[in-house]
Amino acid sequence: MPNTKSEPVATRISRELAGRIISGEIAAGTRLRQDQIAETFKASHVPVREAFRRLEAQGLVESEPRRGVRVAAFSLDDLREVAQMRSVLEVLALRNAAPHLTTSILDEAEEATRAGDHARDVQVWEEANRRFHRLILTPCSMPRLLRTIDDLHAASARFLFSGWRAEWETPTDRDHRAILSALRAGHIDTAAALLARHVTWIGQNPI
């Protein structure tokens, strides 16, 4: 869990609001009132405005002149766009991360996949899935790229949560295992192709 005592107030506000938007607790079209949020978080308007800018950069809210901020809608076309962007950017990150992937990192990524296989609900599965991707991509040491990928994962998760809120059946992620197998064998081109197909397929075949 994040250390909420040391993190900036704007970061805490944007993180908590993002979680509620992604989970569907705050629905698309809902207006976010600056005064109300400032009161809820016992903060001034300055960090609230900073949090809104962060959420807008993530594509989670929209700012409308003279009308304030509202939660953005998210369509199938948006999901496909996000998947295509993820495909390109995650492959770039993986190619730069591959020389630095250790056996320990790959073992952790395999454990994340196993955790996903036994997830009790969509939120637990999404956390395990995101952990897998972060583990194999973070060694690229490209912080701007990783922040962009993380934002795109948040957008993907929002659609995932809305589609699986009513009913849950744990998927088995064979793609993750195939990617790990290729990385362990040193077949970087194969791993990159598998990752690109895996992420693009999500956009073409939403569950």
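Keep in mind that this is a model prediction, so the values were computed, not measured. (Residues numbered from 1 in each chain as written. Predicted model: local features only at pLDDT ≥ 70, side-chain atom pairs only at ≥ 80, totals over all residues. Heavy atoms only, no water.)

### A closer look at the overall build of the protein
Right, on to step 1. Assigned secondary structure in the protein consists of 9 helices and 3 strands.
Right, on to step 2. Along the protein, helices (α) and strands (β) appear in the sequence α-β-α-α-β-β-α-α-α-α-α-α when read from the amino end.
Right, on to step 3. Within the protein, the fraction of its 207 residues that count as buried is 43%.
Right, on to step 4. Here the contacts in the protein between residues at least 6 apart in sequence split such that 73% fall between residues at least 24 apart.
Right, on to step 5. Of the roughly 11600 Å² that the protein leaves accessible, carbon and sulfur atoms contribute 51%. (Helix = DSSP H or I, 4+ residues; strand = E, 2+ residues; numbered from the N terminus. Buried < 20%, exposed > 50% of the residue type's maximum accessible area, 1.4 Å probe, protein only. Contact = heavy atoms within 4.5 Å. Areas by Shrake-Rupley, 256 points an atom, 1.4 Å probe, with all protein chains shown as cover.)

### Some remarks on unusual backbone geometry
Right, on to step 1. Positive phi, close to 50 degrees, is recorded for Lys42, a residue that is not glycine.
Right, on to step 2. The residue Lys42 is located in the loop between helix 2 (34–40) and helix 3 (45–57) in this model.
Right, on to step 3. Residue class for Lys42 comes out exposed when judged on its relative accessible area of 76%.
Right, on to step 4. Positive phi is not limited to glycine here, since Ser141 has a value of about 55 degrees.
Right, on to step 5. Tracing the backbone shows Ser141 in the loop between helix 6 (122–137) and helix 7 (143–164).

### Focus: the pattern of salt bridges
Right, on to step 1. The full count for this structure, using the stated rule, is 18 salt bridges.
Right, on to step 2. We note a salt bridge from Glu64 to Arg70, for which the minimum N-O separation is 2.9 Å.
Right, on to step 3. Of the residues examined, Arg70 reaches a relative accessible area of 22% and is grouped as partly exposed.
Right, on to step 4. A salt bridge links Glu90 to Arg86, with the nearest nitrogen and oxygen atoms 2.7 Å apart. Of this pair, Glu90 and Arg86 both sit in helix 4 (residues 76–97), separated by 4 residues, roughly a single helical turn. Comparing Glu90 with Arg86, the two get one shared label, buried. (Salt bridge = Lys/Arg side-chain N within 4 Å of Asp/Glu carboxyl O.)

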